[in-house]
Amino acid sequence: MKYDTMNEYTLQSYFKSLCNSYIIAYSEVGRLEREKKEEDFPREELKLVESLLALSQLSTSATLKEKYVEQKFSQEELEKRKEELKIQKEVYEAEKEKIEKQMKFWSDKMWDIVENITALLYRMRAEGFSIIITSEAEIVVLMAVFNFRSNAMKEFASIINTKEEYLKSFPISELCQAFFRAYQLKNEKEMKQVIQKYF
């Protein structure tokens, strides 16, 4: 990889390092979102047990209750199960709260990195430098910048080095090719579609 100046090489290396950090945070947020969606707690069972206990406490005759409800469990068994489920609920809610805190931490990190990358891109543009894309992580980060920064596509229209010698190392995944096509065409509408599909 050839650079005009040591400064360009340093900024390019810093860009790659920030992109790698962003992908770590992005992956953690994704993992935590999946964990958050998992339903570990039998919510419906607790509702049912509470309903059965409420029914058993109604001042209705035992015969009438037996006519409409087949009692497979005693009041004591239901009370015990309710306590077990309440403990499960507390553990579940504590775990969800922990996940929320972790998600906030990683989300904040992710967007701090986007801000740092945006500032770096402005600096590179001011210096007349461009970036050589070699990984999908770098494309994902540029998508984040283009998604959350109005006019980013215009502001960074020449930030990617599109010389043929450097395009040989450009990643060839579907996401990367779709991004590059929209970027080369300077088509904001197409870029938005690419971001909605892949980001």
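Residues numbered from 1 in each chain as written. Predicted model: local features only at pLDDT ≥ 70, side-chain atom pairs only at ≥ 80, totals over all residues. Heavy atoms only, no water.

1. A look at helix H9 (residues 188-198)
Here is step 1: Those residues of H9 that sit buried are Glu190, Met191, Val194 and Ile195. Burial along H9 is one-sided: seen end-on, the buried residues are contained in an arc of 140°. In H9, those exposed residues whose orientation departs by more than 90 degrees from the buried face are Lys189, Lys192, Gln196 and Lys197.
Here is step 2: Lining the buried residues of H9 we find helix H5 (136-148), helix H6 (152-155) and helix H8 (174-185).
Here is step 3: Where H9 begins, one side-chain oxygen reaches toward the backbone nitrogen of lysine 189, 3.1 Å away; that side chain belongs to asparagine 187. (Buried < 20%, exposed > 50% of the residue type's maximum accessible area, 1.4 Å probe, protein only. Helix = DSSP H or I, 4+ residues; strand = E, 2+ residues; numbered from the N terminus. Arc of directions from axis to C-beta. Contact = heavy atoms within 4.5 Å. Polar contact = N/O pair within 3.5 Å; in protein donor to acceptor, adjacent residues only side chain to side chain.)

2. Considerations on empty space enclosed by the protein
Empty pockets left among the atoms are what a rolling probe the size of a water molecule brings to light.
Here is step 1: A complete count under the given rule lists one cavity of 30 Å³ or more for this structure.
Here is step 2: Within this model, the largest cavity holds a volume of roughly 30 Å³. (1 Å grid on protein atoms, 1.4 Å probe; cavity = no way out; pocket = protein on both sides within 12 Å on 5 of 7 lines; lining within 4 Å. Points joined across faces, edges and corners; volume = space filled by probe spheres on them.)

3. Looking at the pattern of salt bridges
Here is step 1: Counting across every chain of the model gives nine salt bridges.
Here is step 2: Residues lysine 197 and glutamate 174 are paired through a salt bridge, measuring 3.4 Å at the closest nitrogen-oxygen approach. Separated by 23 residues along the polypeptide, lysine 197 in helix H9 and glutamate 174 in helix H8 bring together distant segments of the chain. With respect to class, lysine 197 is no different from glutamate 174; both count as exposed.
Here is step 3: With its nearest N and O atoms 2.9 Å apart, the salt bridge here joins glutamate 190 to arginine 181.
Here is step 4: Through salt bridges with shared partners, a single ionic network connects Glu28, Arg31 and Glu35. (Salt bridge = Lys/Arg side-chain N within 4 Å of Asp/Glu carboxyl O.)

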